[in-house]
Amino acid sequence: MRQGIVEDAVQDTVQDTSLFWFRNDLRLTDNPALSAAFAAGRPVLCVYVLDEESDGTRPLGGASRWWLHGSLTALQAALSAQGQRLLLRRGPAKEILLDLAQAANARAIFWTHRYTAGGRAIDDTIRREFEQRGLSVQSYNGNLLHEPCGLQTASGGPYRVFTPFWRAVRDRGMPRPVIPAPSLSESVALGLASDQLDDWRLVPRKPDWAAGLRACWEPGEAAAQKRLTGFLRDHLSGYAARRDRPDLDVTSRLSPHLAFGEISPVQIWHGVQAHLAACDDRAADDADKFLSELGWREFSHHLLFHFPSLPTGNFDPRFDIFPWRDGDDTLRKWQRGLTGYPIVDAGMRQLWQTGWMHNRVRMIAASFLIKHLLIDWRAGERWFWDTLVDADPANNAASWQWVAGSGADAAPYFRIFNPILQGQKFDPQGHYVRQFVPELADLPDKHVHTPWAAPEHILRDSGISPGRTYPAPIIDHKEARKRALAAFEVIKHR
Ligand code: FAD
């Protein structure tokens, strides 16, 4: 759907301009590349390219497409409030940007770094093409506390273990200060044709499955700031003790805002410090715990940068011969939240309805797929990629490999979550299960994680008919555990 950009251009654009290429940095504040573009003194043309065609791009999943629509809408509004315009183009980024550079008489292009192998390859090609034409290319770290290439172990290699990695990050002290939003002078995009966002059909229509997403989320930079403020005010204190409880819903839910770059980790870091200084320095341990979760995000990006095949290949090659089962039917049951294990089903339904799942439940549901059902972690990674609003190439792949045991600094394969005990421990009254598995809502607390074991009269009184209103477990936990350990024997001694 490329436009005839050159023909559409305003022919009297004679002044030199700069291009700013928005990617996963959909914000105005603390965006080093954007600030540099406006500081360069030339009028700036802001563009977002939906590139689903270039080699190396991974198409966005459905939930991410929904989020992108909202995020771009918010960004367009924020830009136009200051007289700027966001140009939207769809197609291969290289051709579109080269055309635009010519049409707008650009002398430079600015962007924020990304870390997937495919994205970096595209960026390298575009950099070469632009530089060959005499244009300056300036790219910046905007989405991480530290560039992955700037952190090395004592022996000069990448980190593979989280604790020393995070110690090295902390040893560097405070990150740079937050950069204020630039004043957005002079739009040069006014004469250039732009796609209409609605024409990209990012939002589902028939069927419209996004009602649950709309009810839960507000994409955009302003909403991200609101969420951070609310989290610091209401939930930072107590975070360390309560973050594993899906029934309490006390984590920040900043993950989709981070995934789309509507907020930066630097802003979060300084927001936390300012909060501690101003109101609650007793929450210092909670703050450390919260920041260390951002640390896992940094670590995942570090891994993705240094081990580019992380989303598709086992970090630990012993897993290349792991005897995964072909389980189309069981995979479907897991995806739909029909495994018969309430905590797993609640998580999978929360994901489907809201585009997000609590971290503890992600671990339980992922472990169930990999270890109880013996399905390759990549099938789970793909499902999460399609259904999460925070789908992130680094966090998703690193976390799936962590659960599988095939990743860096991973949970050992033989540590197999018991979905019953996990449910009872982290959702003790079953509030979370009742919210997402309403057919179990009337079961007494004692039975909510083991409906199959409830006495008949309790099932009857609760309106449950096992196997009909709610499935029996698709596999017995003890059997599954034995089977998983036997499968692990195949690779254990390699
Ligand atoms: P908070 O507890 O408030 O944490 C703050 C931020 O720290 C998060 O927004 C996130 O950016 C980061 N963070 C927290 N936990 C982790 C973690 N374990 N690993 C990396 N970063 C973390 N996170 C994603 O952002 N995208 C994904 O695609 C993704 N896929 C996952 C798949 C599996 C199988 C598992 C087990 C975890 C996955 N995570 C992913 C990590 C984690 O579950 C989410 O980041 C977290 O639940 C987001 O909720 P929050 O923002 O309320 O987190």
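Only a predicted model underlies this, so the values are computations on that prediction, with no experimental measurement involved. (Residues numbered from 1 in each chain as written. Predicted model: local features only at pLDDT ≥ 70, side-chain atom pairs only at ≥ 80, totals over all residues. Heavy atoms only, no water.)

## Concerning the pairing of strand β3 (residues 86-90)
As a reminder of what qualifies: Buried, partly exposed and exposed residues are distinguished by accessible area as a fraction of the type maximum, computed with a 1.4 Å probe on protein chains only: under 20%, between the cut-offs, and over 50%, respectively. Only DSSP runs of H or I covering at least 4 residues are called helices, and only runs of E covering at least 2 are called strands; the numbering of each starts at the N terminus. Pairing between strands is defined by DSSP: at least two bridges between the two strands are required. Assignment of crossover handedness uses the view with strands pointing away from the viewer, where a clockwise path from the first strand over the helix to the second indicates a right-handed crossover.
Where burial is concerned, most of β3 is hidden: 5 out of the 5 residues are buried. Across the two faces of β3 the burial is the same, with Leu-86, Leu-88 and Arg-90 and Leu-87 and Arg-89 all buried. Pairing analysis gives 5 bridges linking strand β2 (residues 44-50) to β3, with the strands arranged parallel. The residue bridging Tyr-48 from the neighbouring strand is Leu-88, located in β3. In this view, the connection linking β2 to its parallel neighbour β3 by way of helix α3 (residues 62-80) has right-handed handedness.

## Quick look at the confidence of the model for the protein chain
For clarity, the cut-off: Per residue, pLDDT captures the predictor's confidence, and it can take any value from 0 to 100. Only heavy atoms enter the contact rule, under which two residues are in contact if any of them lie within 4.5 Å.
Per-residue pLDDT for the protein chain has a mean of 94; in total, 96% of the residues score no lower than 70. Note on residues 1-13: pLDDT under 50 across the span, and 32 contacts to partners over four residues away in sequence or across chains.

## Topic: the site of the ligand
For the record, the criterion: Nearness is judged by heavy atoms alone; a residue qualifies as near a molecule or strand once a single heavy atom is within 4 Å of it. Counting of polar contacts relies on pairs of N or O atoms within 3.5 Å, with two restrictions inside protein: one atom must be capable of donating a hydrogen and the other of accepting it, and residues adjacent in sequence are counted only when both atoms are side-chain atoms.
In the vicinity of the ligand lie 27 residues, with Tyr-239, Thr-251, Ser-252, Arg-253 and Asn-359 positioned nearest. Here Arg-253 contributes a backbone N or O atom positioned 2.6 Å from an oxygen atom of the ligand. In the model, an oxygen atom of the ligand is placed 3.1 Å from a nitrogen or oxygen of the Ser-255 main chain. Of all the elements in the fold, those that place two or more residues in the shell around the ligand are α10 (255-259), α12 (284-306), α15 (359-372) and α17 (393-404). Looking at the shell around the ligand element by element, the count peaks at 5 residues for α12.

## So, the pairing of strand β5 (residues 136-140)
As judged from the 5 bridges shared by strand β4 (residues 106-112) and β5, these two strands associate in the parallel manner. Counted as the bridge partner of Phe-110 is Gln-138 from β5. Handedness of the crossover is the feature at issue here: the chain leaves β4, passes through helix α5 (residues 117-132), returns alongside β5, and the resulting connection is right-handed.

## What to know about the environment of Pro-471
If you trace the backbone, Pro-471 turns up in the loop between α20 (456-461) and α21 (477-492). Considering only alpha carbons, one finds Pro-471 and Phe-315, 156 residues apart in sequence, at a separation of 35 Å. Excluding anything up to four places from it in sequence, Pro-471 contacts Leu-338 and Gly-340.

## Describing α21
Formally: Given a helix with a known number of residues, its expected span is that number minus one, times 1.5 Å. Note that the arc is computed from the directions linking the helix axis to the C-beta atoms.
Helix length check: α21, at 16 residues, gives a terminal C-alpha distance of 22 Å against a target of 22 Å (1.5 Å per residue), a fit within 8%. All buried positions along α21 are accounted for by His-477, Ala-480, Ala-484, Ala-487, Phe-488 and Ile-491. Buried residues along α21 cover an arc of 105° about the axis, so they all sit on one side. Facing away from the buried side of α21 by more than 90 degrees, the exposed set consists of Lys-478 and Lys-482.

## Details of the sheet that holds β4
Within a sheet, each strand pairs with its neighbour through backbone hydrogen bonds, oriented either parallel or antiparallel. Test applied: Working convention: axes come from line fits to C-alpha atoms, limited for helices to the stretch in contact. Angles between N-to-C directions cover 0 to 180 degrees.
Overall, parallel pairing links the 5 strands, which are arranged β3-β2-β1-β4-β5 in an open sheet. Pairing within the sheet leaves two strands with one partner each, and these edge strands are β3 and β5. Strand after strand, the sheet turns through a mean of 25° between neighbouring axes, direction not considered. Packed on one face of the sheet, helix α4 (residues 93-103) meets β1 (17-22), β2, β3 and β4 and runs near 160° to β2.

## Concerning the packing of helix α14 (residues 342-354) against helix α16 (residues 377-387)
Each pair of packed helices gets described by two things: the angle between the helix axes and the distance between those axes. Definition in use: Classes in brief: Ala, Val, Leu, Ile, Met, Phe, Trp, Tyr, Cys and Pro nonpolar; Asp, Glu, Lys and Arg charged; the others, Gly included, polar.
For the pair α14 and α16, interaxial distance at closest approach is 9 Å and the crossing angle is 35°. On α16, the residues that touch Met-348, Leu-351 and Trp-352 of α14 are Trp-383, Phe-384 and Thr-387. Class assignment for the residues of the contact of α14 with α16 results in 5 nonpolar, 1 polar and no charged.

## Focus on the nonpolar core
Stated formally: Side-chain atoms within 4.5 Å link the members of a nonpolar core, which is a set of buried Ala, Val, Leu, Ile, Met, Phe, Trp, Tyr and Cys residues.
Membership of the largest hydrophobic core comes to 53 residues, with the highest contact counts inside it found for Trp-334, Val-344, Met-348 and Phe-384. Those elements that provide at least two residues to this core are α13 (328-336), α14, α15, α16, α17, α19 (431-436), α20 and α21. When residues in this core are grouped by element, the largest group, 7 residues, is from α15. In this structure Val-344 touches Trp-334, Thr-339, Ile-364, Ala-365, Phe-368 and Pro-419, once residues within four positions along its chain are discounted. Among the nonpolar cores identified, the runner-up in size contains 40 residues, and Leu-144, Leu-254, Ala-283 and Phe-315 belong to it.

## Focus: the packing of aromatic side chains
Heads up, the rule is: Think of it this way: a Phe, Tyr or Trp ring, Trp meaning its six-membered ring, pairs with another when their centres are within 6.5 Å, and the plane angle makes it stacked under 30 degrees, edge-to-face over 60, tilted otherwise. Charge-over-ring contacts are defined here by two conditions on Lys NZ or Arg CZ: a distance within 6 Å of the ring centre and an angle within 35 degrees of the ring normal.
Throughout the structure, instances matching the rule amount to 31 aromatic pairs. Here a set of aromatic residues connected by ring pairs shows up, and it is made of Tyr-159, Phe-162, Phe-165, Trp-166, Trp-269, Trp-296 and Phe-299. Over the ring of Trp-356 we find Arg-253; its NZ or CZ atom is 4.0 Å from the centre of that ring. One Lys or Arg, Lys-371, reaches over the ring of Tyr-413 and ends 5.0 Å from the middle of that ring.

## Some points on α17
When the terminal C-alpha atoms of α17 are compared, their 17 Å separation across 12 residues agrees well with the 16 Å that a helix rising 1.5 Å per residue should span. Within the sequence span of α17, burial applies to Ala-394, Asn-396, Ala-397, Ala-398, Trp-400, Gln-401, Val-403 and Ala-404. Two to three positions downstream of the cap, the backbone nitrogen of Ala-394 sits 2.9 Å from a side-chain oxygen, assigning the N-cap of α17 to Asp-392. Of the residues trailing α17, Gly-405 is marked for its positive phi of about 95°.

## Topic: the pattern of salt bridges
Counted only if it meets this: Salt bridge criterion: a side-chain nitrogen from Lys or Arg within 4 Å of a carboxyl oxygen from Asp or Glu.
In total, this model carries 28 salt bridges according to the counting rule given. A salt bridge links Asp-16 to Arg-107, with the shortest nitrogen-to-oxygen separation between them at 3.5 Å. With Asp-16 in the loop between α1 (5-8) and β1 and Arg-107 in strand β4, this pair connects stretches of sequence that are 91 residues apart. Exposure remark for Asp-16: the relative accessible area of 33% places this residue in the partly exposed category. Arg-107 sits in the partly exposed class, given a relative accessible area of 37%. Among the salt bridges present, the one from Arg-90 reaches Glu-52, with a minimum N-O distance of 3.3 Å. With Arg-90 in strand β3 and Glu-52 in the loop between β2 and α3, this residue pair connects regions lying 38 residues apart in the sequence.

## Describing unusual backbone geometry
With an omega of 0°, the peptide bond running from Lys-206 to Pro-207 counts as cis. Locating Pro-207 in the fold gives a position in the loop between α6 (162-171) and α7 (211-216). Despite not being glycine, Asn-105 has its phi angle at roughly 55°, a positive value. Looking at where Asn-105 falls in the secondary structure, it is placed in the loop between α4 and β4. Within the chain, Leu-374 stands out as a residue other than glycine whose phi angle is a positive 55°. Of note, Leu-374 is situated in the loop between α15 and α16.

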